[in-house]
Amino acid sequence: MANVIAIANQKGGVGKTTTAINLAGSLAEQGFHLLCVDMDAQANLTVGLGINLGTVDRSMADVLVDGGSTIEEIVIPTQTSGIDVAPSTLELASTEVELFTSIGREHALREALAGWAHDHYDYILIDCPPTLGLLTINGLVAATHVIIPVQTQYYALKGLSALVKVINQIRNKGLNPDLRVMGLLPTFYDRRTILGREMLDELREMGDHHIFKSMVKQTVKLGEAPLAGRPVTAYATNSDAARTYRGLAQEVIDLA
Ligand SMILES: Nc1ncnc2c1ncn2[C@@H]1O[C@H](COP(=O)(O)OP(=O)(O)OP(=O)(O)O)[C@@H](O)[C@H]1O
Ligand SMILES: [Mg+2]
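One numbering rule holds for all chains: residues counted from 1, following each sequence as written. Starting at A for chains and at 1 for ligands, labels are handed out in the order in which the entities are written. In keeping with the predicted nature of the model, local features appear solely for residues at pLDDT of at least 70, side-chain atom pairs appear and are counted solely at 80 or more, and the whole-chain, interface and lining totals rest on all residues.

## Section: unusual backbone geometry
Move 1: Here the phi dihedral of A43 falls at roughly 60°; this positive angle occurs in a residue that is not glycine.
Move 2: Even without a glycine there, the phi angle at F188 is positive, about 55°.
Move 3: Within the secondary structure, F188 sits in the loop between strand 7 (180-187) and helix 10 (194-206).
Move 4: When the 23 C-beta atoms within 10 Å are taken as the criterion, F188 is described as buried. Only runs of H or I of at least four residues qualify as helices and only runs of E of at least two qualify as strands under DSSP, and these elements are numbered from the N terminus. Three exposure classes are used. Buried residues have 20 or more other C-beta atoms within 10 Å of their own C-beta, exposed residues have 12 or fewer, and partly exposed residues fall in between, all C-beta atoms being placed from the backbone.

## Thoughts on the site of ligand 1
Move 1: Neighbouring ligand 1 are 19 residues; G12, K16, T17, T18 and P130 lie closest to it.
Move 2: Among the elements of the structure, helix 1 (16-29) and helix 11 (220-228) are those that each provide at least two residues to the shell around ligand 1.
Move 3: Residue classes in the shell around ligand 1 are distributed as 6 nonpolar, 11 polar and 2 charged. In this entry, near means the residue's backbone-placed C-beta atom lies within 6 Å of the molecule or strand. In this classification, Asp, Glu, Lys and Arg are treated as charged, Ala, Val, Leu, Ile, Met, Phe, Trp, Tyr, Cys and Pro as nonpolar, and every other residue, Gly included, as polar.

## A look at the sheet that holds strand 7
Move 1: Strands were regarded as paired on the criterion that DSSP finds at least two bridges between them. Strands sit in the order 3-4-2-5-1-6-7 across an open sheet of 7 strands; the sheet is mixed. Each having just a single partner strand, strand 3 (76-77) and strand 7 make up the two edges of the open sheet.
Move 2: As defined by bridge partners, strand 1 (residues 3-7) adjoins strand 6 (residues 145-151) across 3 bridges and the pair is classed as parallel. Paired with I7 across the bridge in strand 6 is I147.
Move 3: Each of strand 1, strand 5 (123-127) and strand 6 is contacted by helix 8 (residues 134-142), which is oriented at about 150° to strand 1, the strand it contacts most. The contact rule is simple: place each C-beta atom from the backbone, and if two of them lie within 7 Å, those residues are in contact. Fitted lines through C-alpha atoms serve as axes, helices being fitted only where they are in contact, and the angles separating the N-to-C directions of these axes extend from 0 to 180 degrees.

## Some words on the nonpolar core
The tendency in soluble globular proteins is for nonpolar side chains to be buried as a group.
Move 1: Each nonpolar core reported here comprises buried Ala, Val, Leu, Ile, Met, Phe, Trp, Tyr and Cys residues connected via C-beta atoms within 7 Å. In this structure, I5, A24, L34, C36, I124, L125 and I126 are the most contacted members of the largest nonpolar core, which totals 79 residues.
Move 2: Residues in contact with C36, not counting those within four places in the same chain, are A20, A24, L45, L49, I83, V85, L125 and D127.

## Section: the pairing of strand 7
Move 1: Of all the 8 residues making up strand 7, 6 are buried; the element is thus mostly covered by neighbouring parts of the structure.
Move 2: Where strand 6 and strand 7 come together, 7 bridges link them in parallel fashion. Bridge pairing in strand 7 places I147 opposite G183.

## Some details on helix 10
Move 1: Between the first and last C-alpha of helix 10 there are 18 Å, a value that for 13 residues agrees with the 18 Å anticipated at 1.5 Å per step.
Move 2: Positive backbone phi, approximately 70°, marks G207, located one or two places after helix 10. Multiplying 1.5 Å by the helix residue count minus one yields the expected span of that helix.

Nothing here speaks to function; it is geometry throughout.
Written out as structure tokens, the structure reads:
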């Protein structure tokens, strides 16, 4: 069975997709086989892994809707060895609406990953959209673990309790009793600012969840990497950002 890690936070722009791409890059460097699942209609994960959306004819939208495609049918290899992607397109936005009225709607992704994907990959990373809607819930129901990127710049803790509440409901209502929060990942960290340091202290004081030792600093390298269509580990292999994501990969391997 693969480790299935959802990367979730309903707050936008906190580094979910960046983490999915670069954690994938670091795990692939170690020889693991990865599937990156794009659950966001913005398709930033798909594009960030170098896929031209014009070439995608079937996507997660087809997988999640009854009678559509299997995950095996839509998976495409990326230009980074060891990483495949289950792409998304804008259509996924209407899928969320369609799912709303379907039976077993919270389990659609979990069922789609059962079998082939679990047998084929060591890690499945699910990039969730910036909402707490059905697509994110599908990601959390399908996952063994969740990583929560937390931006250490703005007041980022405010939405955290809503996410934790949804995670607890998913566990308690039996949708995915074994779901574990692997940890909170500080992102956009700038140790020169008081705010960055205060945020980190506040996170630590909460004490409810593990906080990864790896902290992703604010850096232009991570803004550039998606344009290259490859993880930073391949694009700027000796950068501080690449080292940080390699460190995160090691923590993930140890915690999974
Ligand atoms: N540590 C960082 N330093 C600088 N820029 C970053 C960093 N991490 C991510 N970025 C950039 O910030 C933007 C938002 O990051 P990203 O897309 O990973 O966030 P997200 O949480 O997936 O956003 P959304 O909620 O819209 O899906 C992107 O342009 C990305 O390249
Ligand atoms: Mg994203």
